[in-house]
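Residues per chain, in single letters:
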Amino acid sequence: MIVVVGESTAGKSRAAFEAIRAEFPDHLLAVPSGRESLPAVAAQLSLSRRCVLWLDDLERFMGPSGLTLAMVASVTTSARWHTSIIATLRTPEYERFTSRAEDSLDDQGRAFWRASRDILRGAYIIRLDRLWSQEELSHAASYAEKDPRIALALKHAKTFGVAESLAAGPELLSDWRNAWAPGSHARGAALVAAAVDCRRAGLSDPVPHDLLLELHHHYLAARGGPALRPESVDEAWAWALRPVHGASSLLIPAGLCDAGSTYVAFDYLIDRPEHEPIPTETWNILLTRTNSSQAWQVAYEAYWRARTAFYAAVESGTVDDVGSRATAMADRGDYAMAIRLLKDEFDKSATHNSAADNRWLQHQLAVNLMLSGRVDEAETIFESLLQEAERTLPPDDEYLQVVRHNIASCMGRRGDLPGALACFRRILADRERYLGPEAMNTLATRGAIAGIIAKMGEPSEALRQTQNILADEVRALGKDHTNTFETRRSLARYFALTGDFNSAIDALQALLPDLERALGADHLEILDARWDLARYHRQKGNRPQAKRLFEEALAHRERVHGTDNEGTRQARHEYAKFLAQPD
């Protein structure tokens, strides 16, 4: 099995297709329409001696009732037949199964993640860069006189990839942006925005016509509604589906399902860093209008971008497993309940669980022990898990780095800052080598290093590093990712540590509305950020403003967690010390 991995419009599909045409000209080309038809198509391949199974956008074929290791083996290992599997995969989708470990997924999600990871681990990966090398550009130039499209693409090759220009990516993106102008194609732009956000929200399946139509009303209303003088629905669909220069279109037909015609957004539009946060209405509609296998994908993505939607999915039973319930409890600060839930599940299920499920339960238990302050207990479990993982997993498995990262975090929490820093730096080197410099977990390790450096008395260096991390996270993860928010809060903290209280206050005031939208107004992160804002005003010398902010934040904390909560007691003690200080 060969998988071509690269950014959107890097030329993955064209390169793979040309390779198939050159190497397998006499083979049958089998192209399943989606995950549901894949088993039947794979079964039919046994009737032909020479076949190529073509899986463009591989993520559409993985998951429940989709591609499995057994299916790959049955298709490709026959001694009598010659069958190859050729697939393409966008870089962000590839990183879902490499840079993110399984530990924040629910039961169904973990099974899907492991199966997909194992398929990719056994595949031959070819990485295709969006920007071409000088040798490749020179080769393309030899065709420029015969093909004016190539000549035009080469003029912009330093900014856009040649394949990117040939696919009309930049032009389609510009068309979409300009379509919001009054009297243009605002309704069509809203349909495209809905399709783009469905992919961003974790829905890898094509989107039914009626669902896009339902979603688009929210996008249109948010931009101005009737004031934009939107076109008719029929005109909007025609515009969104119209190809540019015979290349691609903003919306691409993707076949039929039980609900009718389905569509996907042109993938060049999906990974743009300038996207606004996905609207709450979109999360809510997707979680209620999708089937169970789709809903858990949306809920998983909501954990990283709209925690309130993740909570709603757990509370409604849309995702209903121990891991999700424990994650929701811990994220709201109830570590004791999360620990109890995980421990009870482990004691009840350990004898009949798979080794992977038991490992996951122990790991989640250790994470919550660490976060609750029981660092020694957590580190003991992590060390045991690491020893087992080093015996059973290949050295490039990301789970090894996840456990090592948590061990380093334990070291930092118990005061061994030099040891923690050395561990984090080793982990960073491995993650940069195996995952790449802008993978989510690589960026998280860079953030952990900056945090240790700040604690060791170098806040200016921590600030410099964090400013670079933030720029990379906005580009790689998006400005609405909760890791990006965490980095912005760290940036405010380092501004304060360097004595730049004005910048610290500005950074935190800009962050708070985004945090409230993603996490909810009563989340512990919000309470802590509001308390930090009062502290920065106090350190700046603005006592009246600090007093008002302390009082509001303390009242908020008491309302959410009660007067006997440990965090509330600590806050009340700090406020009393503040009041006792002379003006």
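It should be emphasised that the depicted structure is a prediction, and the values quoted were computed from it without experimental measurement.

The next subject is the packing of aromatic side chains. In total, this model carries nine aromatic pairs according to the counting rule given. With centroids separated by 6.0 Å and ring planes inclined at 45 degrees, the aromatic side chains of Phe550 and Tyr575 adopt a geometry described as tilted. Remark: Tyr575 occurs in helix α28 (residues 566–580) and Phe550 occurs in helix α27 (residues 543–561); sequence separation between them is 25 residues. Considered together, Phe550 and Tyr575 belong to a single accessibility category, that of buried residues. The residue whose ring lies beneath Arg543 is Phe578, and the NZ or CZ to ring-centre distance is 4.3 Å.

The next point concerns the packing of helix α26 (residues 524–540) against α27. When two helices pack together, their arrangement is captured by the angle between the axes and the distance separating the axes. Direction vectors running N to C along α26 and α27 enclose 160 degrees, while the axes themselves pass 8 Å from each other. Classified by the interaxial angle, the pair formed by α26 and α27 is roughly antiparallel. As α26 runs across α27, the sense of the crossing is left-handed. Contacts between α26 and α27 involve Leu524, Leu527, Asp528, Arg530, Trp531, Leu533, Ala534, Arg535, His537 and Arg538 from the former and Gln545, Ala546, Leu549, Phe550, Glu552, Ala553, Leu554, His556, Arg557, Val560 and His561 from the latter.

Across two bridges, the pairing between strand β6 (residues 207–208) and strand β8 (residues 260–265) is antiparallel. Bridge assignment links Pro208 to a residue of β8, and that residue is Thr262. As paired elements, strand β7 (residues 251–257) and β8 share five bridges and run antiparallel to each other. Residue pairing across strands places Leu256 opposite Ser261, the latter belonging to β8.

Within the secondary structure layout, Asp506 lies in helix α25 (residues 501–519). Assessed through its relative accessible area of 49%, Asp506 is described here as partly exposed. Sequence separation of Asp506 and Leu361 is 145 residues, and the distance between their C-alpha atoms is 41 Å.

Once that is clear, we can look at the side chain of Ser249. Tracing the backbone through its elements, the reader meets Ser249 in the loop between α12 (233–241) and β7. Ser249 sits in the buried class, given a relative accessible area of 6%.

The next thing to look at is the sheet that holds β8. Overall, antiparallel pairing links the three strands, which are arranged β6-β8-β7 in an open sheet. If you trace the sheet from one side to the other, it starts and ends with β6 and β7, each paired once. Contacting β6, β7 and β8, helix α10 (residues 186–200) runs over the sheet at an angle of about 70 degrees to β7. The sheet strands contacting α12 are β7 and β8, and the helix crosses β7 at an angle near 110 degrees.

Parameters and conventions
- Residues numbered from 1 in each chain as written.
- Predicted model: local features only at pLDDT ≥ 70, side-chain atom pairs only at ≥ 80, totals over all residues.
- Heavy atoms only, no water.
- Phe/Tyr/Trp six-rings, centres within 6.5 Å; stacked < 30°, edge-to-face > 60°.
- Helix = DSSP H or I, 4+ residues; strand = E, 2+ residues; numbered from the N terminus.
- Buried < 20%, exposed > 50% of the residue type's maximum accessible area, 1.4 Å probe, protein only.
- Lys NZ or Arg CZ within 6 Å of the ring centre and 35° of its normal.
- Axes fitted to C-alpha atoms, helices over the stretch in contact; angles between N-to-C directions.
- Parallel < 35°, antiparallel > 145°, perpendicular 65-115°, else oblique.
- Left-handed = near helix turned anticlockwise from the far one by under 90°.
- Contact = heavy atoms within 4.5 Å.
- Pairing = 2+ DSSP bridges.

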